[in-house]
Every structure is written in C-alpha cells, then in structure tokens.
Amino acid sequence: MSHVRQLAACAGVGLLEAGRWIAHEGVLPCSDPVPSLFHDSAKVFPQGEQSFAPFLLIVPIPTIEEDRPLCLVLWDTRPRSENSSYILLARIIELAGQFAMAARREAERHRQCLLERASATARIGIWSCSLPDGRLTWTNGVYDLFELPRNSHIDRDTTLKMYSPESARQMQALRAEAIATCGDFNFDAQIITAKGNPRWMRITATVDGVEGVARRIFGMKQNITEEKHMAERMRFLAQTDVLTGLANRSLFNAWIEDLHGQRNGVPVGALILIDLDNFKAVNDTLGHVHGDTCLIKTGERLRQCAPPGALVARIGGDEFAILTDSRDSVEMERISKTIIDAFGHPVQLGTHQHRIGVSLGIAMRKGQDADTLYRDADAALYAAKSAGRGTWRLFNAA
C-alpha cells in the first residue's frame, strides 16, 4: 500500500475486508470502521464530512470472493478541494482496477495450471470449435493426445484425417446432428497420431446456441487406449479357452444361437463336431501334461483345416466344434476329409509319437433352431464313432 500512499500523499491508507481493518499504514482515523464507510461504489469526502478525518476516500476493490468485500481507504489530516479529490479518486480507481486485473490474471493462470495438471493426470484435454467458421482451440492435453507440438496450428480438415475412416464417418454424423439440435454426444474414436501411433479417444461434446442457432461446440477428449486394451483383454479371456487359445464354450454358444448372424455378422451354415478317439489312453498312460500338449496340437491342426471366417472352439475336455457359414455339403465333406487326413499323422508327446484319431459329425442348417442343429451334429458324430472311429458322417434325417 506504500505506493498508493505515495501517490495520494495522504496521512494514511488502509484495507477493509468485510467491515474490519486487515492492513493499514499511518495512524488509523478511528479504531473501528463506521457503517458509513461501506459503499458499493467509490466515494470521496473532500470537505471533512466525516468527523474523524478532514479528507476521506473510499474505493471498492473487485475481488473473486463476492461475500468478502474489500475496500481501499485513504485519509488525511487536511481537507482537499473537490477538483483535486476527484482527480485523485480517478487515479486510485485506475490503480485498483489494474491491481484487480493482475490478481484475476494470476488466479486464472493458477486455475489453468491446476486444470492442465489434472487433465494430464487423467489424460484429458479440453477443446472448443467456434461455429460456423470451425476455428479450433485446444488445451495441451489434446495436443499431447494427437502427438502434435503444443500451440501449433490446427484445423479440422487436418485432424479429421487422423481418424480411422469409420470413426470419422460416425463422428461427423454425430456432430452434424448435435449442431442441428443444439444437443450433445459421447463417442469413442480410433485415431492414428501425428507420430503414427494408434490410439483410442473418448470424445464428449456439447453445443452452445443462441435462439436455436449453434455458435460453439466444445467438450473433452480423453486417451482411453489402455482402457480399450484392458477391455479387449478381458473380453478375450472371457471368450477364449486358456489352454488351446480357441474359442470357448461360451463364445460357441453365442455364435450358434445367433443363427442369422445378426450380432456376429456370420450366419451359421453348418456345424462340425469333433471328438478325439484315443485321448483317454494318453491321459491315463502319459499323464495330464502330455494330455494338455495333445489338446494344444489338436487346436493347431483344426485351425489349419478350418475354412476362413469359421469359428473353431473347444467345447469340452476333448470335444471340439467348427461353425461355418457354408451350406454346401460337398464343401463340408472336403473339410472333414482334410481333418481326418491331418490327424493321420502322429503327435509328438515328449520323446514318443502317438497317433490320435478323430471322429466327426456334420449337420447342415436347413431351418432348424440352434438346439436341433446341435443334436443333429451330435447324432452324426455318434454314427461316425459307431462306424469304427477315424471317420465322419453327415446327418441325414432319414
């Protein structure tokens, strides 16, 4: 406050916060502020209108906390002319305004710093796009997400090219709808960063509008790559047989129940059930370690024999299945023969080779439901085993 006092050449200067002195220089004109000191606007008493000071000047200082009003008070032992008093008042108001602006800038800088730190921790960036010119504003978090130099020039056309084609299409559609309705959206997009790294990004967007006309769209972008990878890993574990790496019974059931491919995109045309012929002897004579090796090698051979796009699953101990969209019985017979031939070669288990045969049962889908299709394939498998094993049978209702 010394520079204020020097500027005003007053006997004293002090600060009032919420009705009490919090700082002062010079002798206080009174020990307790009187009610008349509190004003919503600046006021000057040049002719000693207050009994405790021949000259008194009060200037409210703008603060962020509205419930704690702050006033700058100047007083002198001699009166001032009205003209000089109001010139001084104008200069003090200007100085108070500069102080308030500097304080606000410092508070904003501190708030922005905290926001950037929090955003970096959560891998979140704030973005804004003015409408209709499409001018973008990003915080550091968004630059880092796209692996672009901070504060570098950005435009929508350039950044849109970093989206995968499908993500770009979906995002453009959601954005257009949000702008048209002054609404909002939430969307997970795939991008390739400026350094060529694939990433997943969660976008939240809200549109500001005036009388139904969109003026700005803004929101957050968050790096969720690790979250996506974790979810994909959990999905993989939930649908995969840990030993063989094939689909497990749960995924097999989901596929066979989705006969028309509405969820998986692959309609069921035929089911092949596969059963190992001499697997129990391997477990009993060589132990479960070699038994597990046998199951792993079975999975590998079935993958090689299955047609592209088919689901190969382990659905039981030594029971396997193949679901394919083919409805050609000749093609199914060819695949079955390929599998039988593949298991004609012995399997290396430790230092010994063992021949493990397979029996197959095939059911073509001809309007049955999932349960009936499975029973038909199981009946064909039973027929193959009854025929001496190491062969296949195609279900025939007759």
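Coordinates for the structure precede this section.
Owing to the predicted nature of the structure, the values given are computational and were not obtained by experimental measurement. Here, residues in each chain are numbered from 1, in the same order as that chain's written sequence. At least 70 in pLDDT is required for a residue's local features to be given in this predicted model, at least 80 for side-chain atom pairs to be given and counted, and no such filter applies to totals for whole chains, interfaces and linings, which use all residues. Values shown for side chains rest on all heavy atoms present in the structure; no hydrogens or waters enter the calculation.

(A) Main features of the sheet that holds strand β16 (residues 358–364). Pairing between strands is defined by DSSP: at least two bridges between the two strands are required. Only DSSP runs of H or I covering at least 4 residues are called helices, and only runs of E covering at least 2 are called strands; the numbering of each starts at the N terminus. Overall, mixed pairing links the 5 strands, which are arranged β12-β13-β11-β16-β17 in an open sheet. With one partner strand each, in any of the chains shown, β12 (311–314) and β17 (392–394) form the two edges of the open sheet. The mean angle between the axes of side-by-side strands here comes to 15°, regardless of whether they run parallel or antiparallel. One ladder, built from 3 bridges, connects β16 with β17; its direction is parallel. Bridged to G361 within β17 is R393. Should any heavy atoms of two residues lie within 4.5 Å, those residues are considered in contact. Working convention: axes come from line fits to C-alpha atoms, limited for helices to the stretch in contact. Angles between N-to-C directions cover 0 to 180 degrees. Strand contacts of helix α10 (residues 329–342): β11 (270–276), β13 (319–324), β16 and β17, with the helix running at about 170° to β16, the strand carrying the most contacts.

(B) Main features of the packing of aromatic side chains. Here a Phe, Tyr or Trp ring, Trp counted by its six-membered ring, pairs with any other such ring whose centre lies within 6.5 Å, and the pair is stacked when the planes are under 30 degrees apart, edge-to-face when over 60, and tilted otherwise. Summed over all chains, the structure comprises 4 aromatic pairs. With 5.1 Å between their ring centres and 20° between their planes, W138 and F146 make a pair best called stacked. Aromatic pair F146 and Y163: ring centres 6.4 Å apart, planes at 50°, arrangement tilted. Of this pair, F146 sits in helix α3 (residues 140–146) while Y163 sits in the loop between α4 (156–160) and α5 (165–181), and the two are 17 residues apart along the sequence. Across the pair, exposure class does not vary: F146 and Y163 are buried alike. For the exposure calls, accessible area comes from a 1.4 Å probe over protein chains only, and a residue counts as buried if that area is under 20% of its type's maximum, exposed if over 50%, partly exposed in between.

(C) Main features of empty space enclosed by the protein. Think of a 1 Å grid over the protein atoms and nothing else: a 1.4 Å probe that fits but is trapped marks a cavity, an open set flanked by protein within 12 Å on at least five of seven lines marks a pocket, and residues with an atom within 4 Å of a point count as lining. Grid points are joined across faces, edges and corners, and a volume is the space filled by probe spheres set on the points. Applying the stated criterion across every chain yields a total of 1 cavity of 30 Å³ or more. Put simply, the largest cavity is a space of about 180 Å³. Along the wall of the largest cavity there are 14 residues; nearest its centre are W127, R156, Y163, M171 and K221. Listing elements by their share of the lining of the largest cavity, those giving two or more residues are β6 (124–130), β7 (136–138), α4 and α5. A per-element tally of the lining of the largest cavity places α4 first, with 3 residues. For this scheme, ten residues count as nonpolar: Ala, Val, Leu, Ile, Met, Phe, Trp, Tyr, Cys and Pro. Four count as charged, namely Asp, Glu, Lys and Arg, and the remainder, Gly too, count as polar. The residue inventory of the lining of the largest cavity, partitioned by class, reads 10 nonpolar, 1 polar and 3 charged.

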